[in-house]
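Observations on the model geometry
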Amino acid sequence: MKPDDDIAEKKTNGFGFILAEIKEDKRRAPEFTSVNEDARNRSLTQISAGKKQKKEMKIIIAGAGDVGTHLAKMLSNNSNSITVIDEKKERLTGLSEYTDIITVEGYPSSIGVLKEAGVEDADLFIAVSPNDSQEVNIVSAILAKQMGAKKVTSRVDNEEYLSYENKLLFTQMGIDLM
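Residues numbered from 1 in each chain as written. Predicted model: local features only at pLDDT ≥ 70, side-chain atom pairs only at ≥ 80, totals over all residues. Heavy atoms only, no water.

Here we come to the environment of Ser 110. Tracing the sequence through the fold places Ser 110 in the loop between strand 6 (102-105) and helix 4 (111-117). Between the C-alpha atoms of Ser 110 and Leu 143, which are 33 residues apart in sequence, the distance is 8.8 Å. (Helix = DSSP H or I, 4+ residues; strand = E, 2+ residues; numbered from the N terminus.)

If you want it as structure tokens, here you go:
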């Protein structure tokens, strides 16, 4: 860059970098040069490096029925660590053949099974057990929260449980979403 007497005016680009327009010389067209090109390159490198370091979520799904299977397939495509718990080996075998997941055979409301699945480190616990009894989902969700899962959700279809007053009760017990 030439001395300051060759600078016609200073401008900034959209990123806050100062650009200096060089006076037009008959031998060349006007050009823009970045006063701080190295800093800009370092910033862009840091931004792109941050995107590469996307945190993988640890998600545990209790139940390998239609809903649990669909969630496992969908979430495993997003670079997440997925663990599925179900008491029926056939469901888990079918699911693990088509997806990159960890399977744990056992009842989702069992403390031992939840420990084996690693619930204490889970970012998200989803209780969607296909059992007729919704209590399995509720109990496993409350246990998961108490054992260390950061966020917990449970599938519940009972209208009584879904009333505003009762939802508040379940939230106080540790279920973040029903």
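This part is about helix 2 (residues 66-76). Of the residues making up helix 2, those classed as buried are Gly 68, Thr 69, Leu 71, Ala 72, Leu 75 and Ser 76. In a view along the axis of helix 2, the buried residues occupy a sector of 165 degrees, so they form one face of it. In helix 2, those exposed residues whose orientation departs by more than 90 degrees from the buried face are Asp 66 and His 70. Elements in contact with the buried residues of helix 2: strand 4 (58-62), strand 5 (81-86), helix 3 (89-98) and strand 7 (124-127). (Buried < 20%, exposed > 50% of the residue type's maximum accessible area, 1.4 Å probe, protein only. Arc of directions from axis to C-beta. Contact = heavy atoms within 4.5 Å.)

Glancing now at the confidence of the model for the protein chain. For the protein chain, the mean per-residue pLDDT works out to 78, and 69% of the residues sit at or above 70. Contacts for the low-pLDDT stretch residues 12-26, under 50 throughout, to residues beyond four places or in other chains number 44 contacts. Across residues 29-48, where pLDDT falls below 50, the model places 20 contacts with residues more than four positions away in sequence or in other chains. (pLDDT = per-residue confidence, 0-100.)

What follows is about the pairing of strand 4. Of all the five residues making up strand 4, four are buried; the element is thus mostly covered by neighbouring parts of the structure. Direction of pairing for strand 4 relative to strand 5: parallel, over a ladder of five bridges. Bridging across to strand 5, Ile 59 finds its partner in Ile 82. With helix 2 bridging strand 4 and its parallel neighbour strand 5, the resulting β-α-β unit is right-handed. Bridge analysis of strand 4 against strand 7 gives four bridges, and the strand direction is parallel. If you follow Ile 60 over to strand 7, its bridge partner there is Phe 125. (Pairing = 2+ DSSP bridges. Right-handed = clockwise from strand over helix to strand, strands pointing away.)

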